[in-house]
Amino acid sequence: MRRKTKRKLIIIEILLVIILALIYQYFAEKKASLDPCISLYLHQQNTIITMNLEEYIKGVVTAEMPASFHIEALKAQAVCARTYAIKKLIEEHPYPQGADLSDDVNTCQAFAPLLDNDIADKKELAKRINEAVESTRGEIMLFDSQPIDALYCSTCGGKTESAGAVWGKEIDYLRSVKCDDCIASRHYKSSLTIDNSKINSLVNDNGNIANIKILEKTPSGRLKSLSVNGTKIDAVVFRKDLNLPSTWMEFQPAKYSTIINTHGYGHGVGLCQYGANGMAARDKTYRQILSKYYSGINFYKLEY
Ligand SMILES: [Zn+2]
């Protein structure tokens, strides 16, 4: 009789363990399924694909930062990508075909499926991106309880730019900060020689003598406007039309050409990606990195 009771108890115990395992699995699956589904417009294919938000973040990190970067820099990029996407989703930014987000860098973030990384050891690199995204799952940056506009650029060249200097409206968390950590970037300082005829064509002048004058600079030292042979031109337009790395530049006249020395690559606002990698190499965590480039922010974890 006693042996029978003992056996019964063991069976009940086993059943209980099985039920608990099933409940655990159910909630684990439920939790995973709560990861919001988003639709992404692929601008080159002119089509929409759908996926979970965290899968999308992995694709953005793959496309926006070299997977060989330090893991803390990749985590910082993951939090930026997620915050940027959440802000766009909340604002219901209108993308083609009614999509939630787009892979066009002119209006959103680049995207490449995780395994499409074209660097040699794909699996190892994909593993690192996976780790960076999963270890920061759901984490975003807030300012005044709102997701921030998490802008980022490749290389600031020594000092980031304030949002106000580029877009005319100051944003508290997007201030200009000094950055000594992006020196390893090949864009930290660059030099290009451009034919004067090409420069002059910007102001409809077909001569080969270019008289360039700097008219206005932003507080970080980047150019706001300049003149070519007496005609004023916006520095952003000058940069874009001549395909220059940034608006932080100096000019050196040469025979029928001009040497343009530039600092950094990109608009310079927000996180400096090479700076993030440099900080990570100095053992800074992703939160320390992000708190440097985005002033006064808080971190918040979305539960899904
Ligand atoms: Zn920098």
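Check the entry above for the structure.
An account of the accompanying structure is given in this report. (Residues numbered from 1 in each chain as written. Predicted model: local features only at pLDDT ≥ 70, side-chain atom pairs only at ≥ 80, totals over all residues.)

**Regarding the nonpolar core**
Link 1 in the chain: In this structure, V61, A76, C272 and L290 are the most contacted members of the largest nonpolar core, which totals 54 residues.
Link 2 in the chain: Among the elements that make up this core, the one with the highest residue count is helix 3 (residues 71-91) (10 residues).
Link 3 in the chain: Excluding its chain neighbours within four sequence positions, the residues that come into contact with V61 are L74, Q77, A78, A81, I129, A132 and V133.
Link 4 in the chain: Counting 10 residues, the second largest nonpolar core, distinct from the first, contains L223, L226, A235 and W248. (Core = buried A, V, L, I, M, F, W, Y, C linked by C-beta atoms within 7 Å. Buried ≥ 20, exposed ≤ 12 C-beta atoms within 10 Å, placed from the backbone. Helix = DSSP H or I, 4+ residues; strand = E, 2+ residues; numbered from the N terminus. Contact = placed C-beta atoms within 7 Å.)

**Comments concerning the packing of helix 2 (residues 53-64) against helix 4 (residues 122-134)**
Link 1 in the chain: Packing of helix 2 against helix 4 leaves a shortest axis separation of 10 Å and a crossing angle of 125 degrees. Here helix 2 is positioned oblique relative to helix 4, judged by the angle of their axes. Crossing angle aside, the handedness with which helix 2 passes helix 4 is right-handed. Here E54, I57, K58, V61 and T62 of helix 2 lie close against helix 4, whose contacting residues are I129, N130, A132 and V133.
Link 2 in the chain: Among the residues forming the contact of helix 2 with helix 4, the class breakdown is 5 nonpolar, 2 polar and 2 charged. (Axes fitted to C-alpha atoms, helices over the stretch in contact; angles between N-to-C directions. Parallel < 35°, antiparallel > 145°, perpendicular 65-115°, else oblique. Left-handed = near helix turned anticlockwise from the far one by under 90°. Nonpolar A, V, L, I, M, F, W, Y, C, P; charged D, E, K, R; others polar.)

**A look at the sheet that holds strand 5 (residues 146-147)**
Link 1 in the chain: With antiparallel pairing, 3 strands are arranged side by side in an open sheet as 5-4-14. Only two strands of the sheet have a single partner each, and these edge strands are strand 5 and strand 14 (298-301).
Link 2 in the chain: Sheet topology note: the strand 4 (residues 139-143)/strand 14 ladder contains 4 bridges and is antiparallel. Across the sheet, L142 pairs through a bridge with N298, a residue of strand 14.
Link 3 in the chain: Against the sheet, helix 3 touches strand 4 and strand 5, its axis set at about 65 degrees to strand 4. (Pairing = 2+ DSSP bridges.)

**Here we look at the environment of E64**
Link 1 in the chain: Positionally, E64 belongs in helix 2.
Link 2 in the chain: Sequence-wise, E64 and Q109 are 45 residues apart; in three dimensions their C-alpha atoms are separated by 7.7 Å.

**Structural notes on the environment of C272**
Link 1 in the chain: Along the chain, C272 turns up in strand 13 (residues 271-272).
Link 2 in the chain: Residues C272 and C179, 93 residues apart in the sequence, show an inter-C-alpha distance of 8.1 Å.
Link 3 in the chain: Once residues within four sequence positions are removed from consideration, C272 is found in contact with C153, T155, C156, T160, C179, C182 and Y293.

**Some words on the sheet that holds strand 12 (residues 257-263)**
The strands that make up a sheet pair up through hydrogen bonds in the backbone, lying either parallel or antiparallel.
Link 1 in the chain: Here we have 3 strands laid out as an open sheet, ordered 7-12-11, and antiparallel in their pairing. At either end of the open sheet lies a strand with only one pairing partner, and these are strand 7 (189-195) and strand 11 (249-254). Sheet twist, expressed as the average angle between the axes of neighbouring strands with direction ignored, equals 20 degrees.
Link 2 in the chain: Pairing analysis gives 7 bridges linking strand 7 to strand 12, with the strands arranged antiparallel. Note on strand 12: the bridge partner recorded for K189 is H263.

**A look at the pairing of strand 9 (residues 223-228)**
Link 1 in the chain: Two strands pair when backbone bridges link them, and strand 8 (residues 212-217) and strand 9 are joined in this way by 5 bridges, in the antiparallel orientation. By the bridge assignment for strand 9, I214 is matched with L226.
Link 2 in the chain: The antiparallel hairpin formed by strand 8 and strand 9 contains 5 residues in its connecting segment, where G221 sits at a positive phi of about 105 degrees.
Link 3 in the chain: Where strand 9 meets strand 10 (residues 231-234), 4 bridges bridge the pair, whose relative direction is antiparallel.

Remember that the coordinates give geometry; whether it matters functionally is a separate question.
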